[in-house]
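Single-letter residue listing:
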Amino acid sequence: MNSYWSQSDTKSGHIDGIGLWNSFTRNFSSPLLAAFDLLDNSFDAAPMENGHIHIHPDKSLNEDGIDVKGFFIVNNCENRIKDLSDVLTVFKSTKGSAADVIGENGVGVKQGCATLSDRSFVLCRNKYEYSLGVVALELQKETGIYLPSFKFSWDPLIDGSLEVHIDYQLRTICRENNDVAAVIENYGDGNLSIGIMALLNHFLHISSGLWDIQSTDHVFNLIICELKHGNVLDYYESDDENSDDEFEVVKMTRKKLRTERRFKKGFLSQIHEGLPRHYLHVGHSFDVQVDGKVVSFSYWQRRLVEMSHFKLLISKKEIKDNEEVENYNGLDLYQQHQYMLDIYCGFDAIRCADPESKKRATLVYHSRRAGRLIKEHEDARGELSLSAGGTTYCQGLTIVVDDKHGHFPLNPTKTDFAFGEQSYGATHQENLKAWIGAATKLYYNHHLDRCGKSKAVLTKLLTGLKPKVERLQKEAMLKAIDECKLTTFEDMDWRFSYKTSSVVLRSKNYQVITGEDTLVPLQGCKSHQNITASNAAQKVKAAPARATAKVAAKRGRKKTVTEPSAKKSKVVKSEPANNDAVYYERELVKLQKERDNLFEENGKLRAKLVDANRFGSDKDAEESEVKRLRQQLDFFMRRADRLAEENDKLMSLMEK
């Protein structure tokens, strides 16, 4: 035959092959995460439109019949697949520096395979060119790591039958590589011919049907031969203590077996259940199947009550201050070190209604083009500097962070962040948490206001929505999350609180735009419009409930004292007068004007400093003036913070 095969050893004599293999197996906290790491490559490679990823059990024949010990992943690829000699090279990534892809660091395929099995095969087809790679523990030596790969082509006019041609190429590889032949023989349960036949069937599979060689140019196939962690398929666990009759166990109904905790989910079922929650940006045109069952994504859209969308401007470099926050309010063209981040908030009614589930605020981070789940906090109140007392920020509150364009630095296994690799990583991380916390506070307090500030009412309403949410879980949704028109919060006026070092609302005069794709609204409470209209009416806040005697006397008010009782005397303050609101309105206006003037002066002085640097003039005086100005600014902002807090207290008193 004129077509040829070529071999790439991918050997390294400088690395302990066994030691490196063992290190690969310790990188993931669970086998499921290793499987998702392998699937990351499939989601990166497949076209976003009409992409296909299918996961099947790897069935084999033995003396007892059909056996299933492993599984395989097949996907089409948008571009030509890199040579396996590059893919299997240790510590080398074939994905370049693209920020929106998941795989990186050149260890994904190797460590994922090593975690799940001691023997794996990588098959790929680029039109009429075929490749085979071997990732096996039995090939590794202390003197070096060995990940061989082979490549051959097929010319239909010269080589004839594809099946005959591939069979010939595989047998030639085995004849000239005894160590690889031993791996294939073990794949065939000790029979080399059966192992070759199994690989041949996989090559034919990626050349026909959905993956037909005429319609699909690039196909990738990864075979995990023998899963090290449990069963591939669902199974029933018999109870030998309760029944000696195996026939009686078989006769038990599926429902009874589930009730008695004998039904066990196989690895493929775990993948099928975990995929929708693990990937955020998989649209309706993307075909994902596990053992013939279609995976329906849009997990959060179908699960969260009052799901809402925030777009926040995050700075990687600038430390939060009032100037940076006020620049955000304008949302003008942002600078290179800034980026827009998508935040989604909602209430998980199923989690809220389940007595065994944790109700506290959950924070999940997704990143890259497919929206891969990176990290999760089951109680995010400490992470976001939220009040952690009692049931505040609970009721199944869920915050989903979507870093679609890859601004988060990730560790090699994509299970945590690596802000340390960025020059201003600490600032970036601090700003990220501050803005997520600000959006979470706004969202939660808004819906709490709708329920009359009663957490019990909010919990009751969410619990009542559980049946509706459960019905939605069985329905398919066509839109990916970034295509949905969800409820949004608009026109927020943010400021930086120097007292709490956090981003807060200057006033509650914002707008809520109801989205048509927010499938489960909160019902039985005040509407969004009622709350925003009430906030607008109260835009000008009144002032302190705890006015000092000096300030009270200044406006002609005196404290009144009740007659002493037999038990204890009480000091009762008189109800605040209507002119209090006018007084504190004027005070706030004064402070805002002073603050604006200070900002303007600060900008002018900074411009003078730039000129001083250019022309060599004396800038010490200017620097001291800027320092003095910043101190004044801090003083006025602290006064404004205290005044705003006292306003809230007085307003609640006046309402009573």
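Here's a quick rundown of the structure. (Residues numbered from 1 in each chain as written. Predicted model: local features only at pLDDT ≥ 70, side-chain atom pairs only at ≥ 80, totals over all residues. Heavy atoms only, no water.)

1. Here we look at the packing of aromatic side chains
Note the following rule: What counts as a ring pair is set by centres within 6.5 Å for rings of Phe, Tyr and Trp (its six-membered ring), and what kind of pair is set by the plane angle: stacked under 30 degrees, edge-to-face over 60, tilted for all other angles. Secondary structure elements follow DSSP: runs of H or I of four or more residues count as helices, runs of E of two or more count as strands, with numbering from the N terminus. When accessible area is computed with a 1.4 Å probe and restricted to protein chains, residues below 20% of their type maximum are described as buried, those above 50% as exposed, and intermediate ones as partly exposed.
In the structure shown here, the tally under the stated rule is 22 aromatic pairs. Each ring, one from Phe310 and one from Phe489, has its centre 5.0 Å from the other, and the planes form 20 degrees; the classification is stacked. With Phe310 in strand E14 (residues 304–315) and Phe489 in strand E19 (residues 487–490), this residue pair connects regions lying 179 residues apart in the sequence. Since its relative accessible area comes to 2%, Phe310 is described here as buried. Under the relative-accessibility criterion, Phe489 is labelled buried at 5%. An angle of 90 degrees between the planes, with centres 4.9 Å apart, marks the rings of Tyr365 and Phe417 as edge-to-face. Of this pair, Tyr365 sits in strand E16 (residues 362–367) while Phe417 sits in the loop between strand E18 (397–403) and helix H15 (425–450), placing them 52 residues apart in sequence. For the pair Tyr365 and Phe417, a shared accessibility class is recorded, and that class is buried.

2. Observations regarding the nonpolar core
Operational definition: In this description, a nonpolar core means a group of buried Ala, Val, Leu, Ile, Met, Phe, Trp, Tyr and Cys residues linked to one another through side-chain atoms lying within 4.5 Å.
Counting residues in hydrophobic clusters, the biggest one holds 53 residues, and the most contacted among them are Val305, Phe310, Ile343, Ile399, Val401, Phe408 and Ile436. Contributing elements (two or more residues each) for this core: E14, strand E15 (338–348), helix H14 (349–353), E16, E18, H15, helix H16 (455–464) and helix H17 (466–472).

3. Quick word on the side chain of Thr487
What counts is decided by this rule: Only heavy atoms matter for contacts: two residues are in contact if any of them lie within 4.5 Å across the pair.
With respect to the element layout, Thr487 can be found in strand E19. We classify Thr487 as buried; its relative accessible area is 1%. Apart from the residues lying within four places of it in its own chain, the contact partners of Thr487 are Glu306, Met307, Ser308, His309, Val512, Ile513, Thr514, Gly515 and Thr518.

4. Here we look at helix H2 (residues 31–45)
An α-helical turn contains 3.6 residues, so a residue and the one three or four places further along point in the same direction. The following threshold applies: Multiplying one less than the number of residues by 1.5 Å gives the expected span of a helix.
Taking 1.5 Å of rise per residue, the 15 residues of H2 would be expected to cover 21 Å, and the 22 Å separating its terminal C-alpha atoms lies within 8% of that figure. With 12 of 15 residues buried, H2 is to be regarded as a mostly interior element. For H2, the full list of buried residues reads Leu33, Ala34, Ala35, Phe36, Asp37, Leu38, Leu39, Asp40, Asn41, Ser42, Phe43 and Asp44.

5. Thoughts on the environment of Ser161
The criterion, for reference: Any pair of nitrogen or oxygen atoms within 3.5 Å is treated as a polar contact; in protein, a donor-acceptor pairing is required on top of that, and neighbouring residues in sequence qualify only through side-chain atoms on both sides.
Relative to the helices and strands, Ser161 resides in the loop between helix H5 (156–159) and helix H6 (162–176). Here the side chain of Ser161 touches Glu163 through a polar contact of 3.4 Å, landing on its backbone nitrogen.

6. Re the environment of Gln140
Among the structural elements, Gln140 can be located in the loop between strand E6 (129–136) and strand E7 (145–146). Looking at Gln140, the relative accessible area reads 4%, which means it is buried. C-alpha of Gln140 to C-alpha of Gly17: the two residues are 123 residues apart in sequence and 4.9 Å apart in space. Leave out the neighbours within four places in its chain, and Gln140 touches Gly17, Ile18, Trp21, Ile145, Tyr146 and Leu147. Polar side-chain contacts of Gln140 include one of 2.7 Å to the backbone oxygen of Ala136.

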